[in-house]
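Each chain, written out:
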Amino acid sequence: MPVRLRPVKGRRLSTRALSTARSAEFLVSRDSQSEGTVMSKPALLPPIGLLALLLAALPSPGYAQQGAPFDFYARGPYRPAVPRPDSLLGYEAGARHTQYHSQQAVLDAMIAASPDRVRTERIGRTEEGREMRVLIISAPENLARLEEIRRDLARLRDPRSTSPQEAAAIASRTPAVAFLSYSIHGNEPAGFEAVMWVAYQLLASEEPATLEILRNVITILNPSANPDGHERFAVWYNSLFLGTDEPYAYENTEPWDVWGRFGHYRFDMNRDLIAQSQAPTRAMLGALIRWHPQVVVDHHSTVQPFFFAPPALPINPNLPPHAVKWLETFGQGNARAFDRHGWQYYVRDVFDLFYPGYWDAGPSLHGATGMTYETDGGPELKIRQDDGTVITFRDGIAHHFVASLATLETAAANREARLRDFYDFHRTAIEEGRNATMKRVVVLPGNDQTNAARLAVLLLRHGVEVTRLSQPYTAPRAHSYMQPGSQPARRTFPAGALVIDLSQPEGRIAKALLEPRTAVDSVFAKRQLEKFERNRRRGESAQKEGYDFYDVTAWSLPYTLGLEAYWTEDLTPISGERLSLPSDGDPVRQLAPQGGVSERARSAYLFKNDRQAAAELALALLQEGFVLSVATEPLRADGRDYPRGTFIARIARNSERLHDRIAELAQRTGVPVDAVQSAFPDSGRVGIGSESVRPVFRPRILVAAGEGISQTSYGALWYFLEQELRYPFVAVALSSIGRMHTMSDYNVLIIPHGNTAQMKRELGDGGTERLKRWVEDGGVVIGYGGGAMLLGKPGIALSTVAPLGFEEDTARARQAPRDTVPSGAQYQPPLASPTSARKDLPEEIPGSIFRATLDLSHWLTLGYGQRELAVMMDGDRMLQRSEKGDNPVVFVGDSLLLSGWAWPDNTERLLKETVWAATERRGRGHAVLFASDPLFRAFWRGPARLLTNAILFGTGR
């Protein structure tokens, strides 16, 4: 889980320093090697591997840990027919990195030799085409009734149809299910290797303790949670490693375009369980819902020393005490196993259980005991630790191996009790949902039909029950999401609204994803506030205490998707359709209202910019060469009113092909298109021929990539353009812009979040001058986060927007973005901040949601009907208003915080009157700035229309 930070002062960062990077989602880029063919014979160690083994025998500046090498085969006797992993690989554990096809070949051979103990299930396929499957391992008598066991577990999960007596009977006869997943971060590979030896132990050993596991547990092994990222890393590392423990060795510094932590689209999939944007995430979630495990372990690396449960505070408050207690039980089981070897470990520090997008907290909210394990070896073959000792990759693999088996032993020993508590978890979810003040959530789709369908899909994939109203429903006491703390009011919700009752088996995950604000543990909160007050009392040159937030503190889906929502205090019976997840195709499109053209037009086709799919349709028409315009003021056509932002395709200005293509594209995208027969407006209003109707130019998009750019910010944009808008773009390094003679072929440049100082160096003087001329000639440059700050830097000066309270680079040097560290640079955690301790500067915000106000007269907000929009702020960057341009999205008024954490007498006070989005005219072009990433982690889509508007309407050519 920890990000791979650069060495500081010749050694790896300590665990405490690592913890300051908590939500960091670092760098990565392009495609990896393609998947190889399945091995038919043991692989030979290449010459560089032999060299590494020779170097391993040489003296090291560090001190190797004492003791004999760990014996992976000490828990026999073993069935001779099952081949050992090292005999199949041709090398021992930790001698090099195994590629995906080789790992799968090893597993295939062991599966073929032990068919009585194992079944396999294909759960999905990665973006790069690698098949994902799980191994289901148990005693033969359990495998013989596998479907019966799965049905019984489903009955425990739904207490509405299972009495306590029936549940007790099921618990007495049913094995528990443990889902062990390995290396979701591809360059944390100890788990990827360890799973082969875990599988061997379970498939081959006749040891009594292993047989007891097989009788009492169904073990589901997910051998690689991120095959694409791991393959990029493994191919790169194997091609050049020397096996040294030197912290500054080249093999310890992955290039930007290799960084294997992330998946194909450079997403951190240990943050993706909310958005479910990536194929491996959806595959694993599908397996989780299918098998209803009681234990889930997510295997990571690398820390000093090993970490396992119980976790640090805060713990998500939707987890009941009878579920949390099991974290202590499994931690004690692991401790006993590690103590037998004399191995070091830690608990209750750094790694919390708060954010439901993790692969420990998310499964926990489904009733599992979800845990993160962080081993202390890898990805390098040797690591020199803070105290000078050296730990090997083999050590890290061994520690994961032992922890995995210890977890299974604890599950076996507590099988029946754990199954009873699994039932109680869901039973009490129903009861608490019925008795709590917040009983129901109602979401209105009017702000964005695409995002409303997206919300339904995200919940349905979690097994949450969602109803679409077929008749209006009146709630006597409804609370507005956008007005927290206001008095509840009687409100009638129309047909088409989405209703989620929290009194249901998956009510806990539903509440965790939907509640307006998730409370932080009071003990944890008190500790952070005490640090905050001490920091305020420190002088300007004093070192500042770091805070203990591991990740963002707000993620409520109605806010992030920009939807109007309410929670109610009633469970009044409703009339509606229970939604179900479509079996194939794009579920968002299938659950959204169907699109199409009303009839054949004589004058024009009109469609509103009121959903994300409208931008997709507009871009598709422009890509095919059709002429499109946009209404910058409300208009009237054929007796109907249309809001500002409406797209217009005039018949007279397009070819005859328009009629058929817009009908096909409207149906495909799910956008309703009105056919207009006359350009003459009635009721004294302007019509489609008004001068307020402006042309929309076809975007030809460049996206900044490479050094200085956050990989996850780049990846979120890549995914959004390619998978959701289905629109092409070209990725370009900032260092190439100065010599890019084809730049005039493009009219949009998007610079994602990143490290401003590094981006400025990459751009250079030549790139700066080329960029400025390009904007003045009509291009639109769009920057967010660090990319926005780049545009205002001296020498670039495309914007007058400046960060609040900071001078030039010297004042901001301390802040490397939380989700990016440029390759070859050091990450400087914000522990020593001479200026930020001053009361007048913003304190770092751990990913919270605030209310912004929209200027509905500005072109950037075209298509929005509401005056307020929820946006995210992260870090301590607040933007002062533009001096020369427009400020269409600003923070005004009081009570700006909607969800998450804010510092008293600091965050909201300083945020007031700052901007979230600004635009400045430069010649015929524009600079557009966003304070934070409008596409963050793919579950932020409410502000995405601002970005598509910038793409569509910002260019002057």
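These numbers come from a predicted model, not from an experiment.

Caption draft 1: Spatial organisation of the overall build of the chain. Of regular secondary structure, the chain possesses 28 helices and 36 strands. For the chain, buried positions account for 65% of its 957 residues. Taking the contacts inside the chain whose residues are at least 6 apart along the sequence as the reference set, 82% of them involve residues at least 24 apart.

Caption draft 2: Here's a closer look at the pattern of salt bridges. Enumeration over the complete set of coordinates arrives at 70 salt bridges. Residues E121 and R290 are paired through a salt bridge, measuring 2.9 Å at the closest nitrogen-oxygen approach. A residue pair is termed long-range when its members are at least 10 positions apart, and E121 in strand β2 (residues 118–125) and R290 in helix α11 (residues 279–291) qualify at 169 residues. Here R290 falls in the partly exposed class, since its relative accessible area comes to 31%. Ionic pairing is found between E431 and R427, a salt bridge with its closest N-O pair at 3.0 Å. Of this pair, E431 and R427 both sit in helix α15 (residues 415–435), 4 residues apart, which is roughly one turn of the helix. The exposure class of E431 is partly exposed, given its relative accessible area of 33%. Overall, R427 belongs to the partly exposed group, its relative accessible area being 26%. In this structure, a network of salt bridges that share partners links the residues E188, R261, D268, R271, D551 and R937.

Caption draft 3: Up close: helix α21 (residues 612–623). If you check α21, its first and last C-alpha atoms are 17 Å apart, about what 12 residues at 1.5 Å a residue would give, namely 16 Å. A positive phi of about 90° marks G625, the residue just after α21.

Caption draft 4: Local environment of the nonpolar core. Formed by 240 residues in total, the largest nonpolar core has its most connected members in L455, F607, V781, I782, W916 and F930. Residues M269, L288, V296 and W359 belong to the second largest nonpolar core, which totals 32 residues.

Caption draft 5: The packing of aromatic side chains, seen in detail. Under the criterion given, the structure shown has 46 aromatic pairs. A cation over an aromatic ring shows up here: R440 above the ring of Y473, its NZ or CZ 4.9 Å from the ring centre. The ring of F425 is capped by R508, whose NZ or CZ atom sits 4.8 Å from the centre of that ring.

Caption draft 6: Quick look at the packing of α21 against helix α22 (residues 657–669). Relative to each other, α21 and α22 sit at 150°, their axes nearing to 10 Å. As summarised for this structure, α21 and α22 are arranged roughly antiparallel, according to the angle between their axes. With respect to the hand of their crossing, α21 and α22 are arranged in right-handed fashion. Between α21 and α22, the contacting residues are A613, E616, L617, A620 and L621 on the first element and L658, I662, L665, A666, R668 and T669 on the second. Of the residues assigned to the contact of α21 with α22, the class counts are 8 nonpolar, 1 polar and 2 charged.

Caption draft 7: Region of the structure containing the environment of L734. Summarising the element assignment, L734 is placed in the loop between β28 (730–733) and β29 (748–751). In this structure L734 comes out as buried when scored by relative accessible area, which is 2%. In sequence terms L734 and G706 are 28 residues apart; their C-alpha atoms lie 7.5 Å from each other. Dropping the residues within four chain positions of it, L734 is found in contact with A704, A705, I709, M759, E762 and L763.

Reading the values: the criteria
- Residues numbered from 1 in each chain as written.
- Predicted model: local features only at pLDDT ≥ 70, side-chain atom pairs only at ≥ 80, totals over all residues.
- Heavy atoms only, no water.
- Helix = DSSP H or I, 4+ residues; strand = E, 2+ residues; numbered from the N terminus.
- Buried < 20%, exposed > 50% of the residue type's maximum accessible area, 1.4 Å probe, protein only.
- Contact = heavy atoms within 4.5 Å.
- Salt bridge = Lys/Arg side-chain N within 4 Å of Asp/Glu carboxyl O.
- Expected span 1.5 Å × (residues − 1).
- Core = buried A, V, L, I, M, F, W, Y, C linked by side-chain atoms within 4.5 Å.
- Phe/Tyr/Trp six-rings, centres within 6.5 Å; stacked < 30°, edge-to-face > 60°.
- Lys NZ or Arg CZ within 6 Å of the ring centre and 35° of its normal.
- Axes fitted to C-alpha atoms, helices over the stretch in contact; angles between N-to-C directions.
- Parallel < 35°, antiparallel > 145°, perpendicular 65-115°, else oblique.
- Left-handed = near helix turned anticlockwise from the far one by under 90°.
- Nonpolar A, V, L, I, M, F, W, Y, C, P; charged D, E, K, R; others polar.

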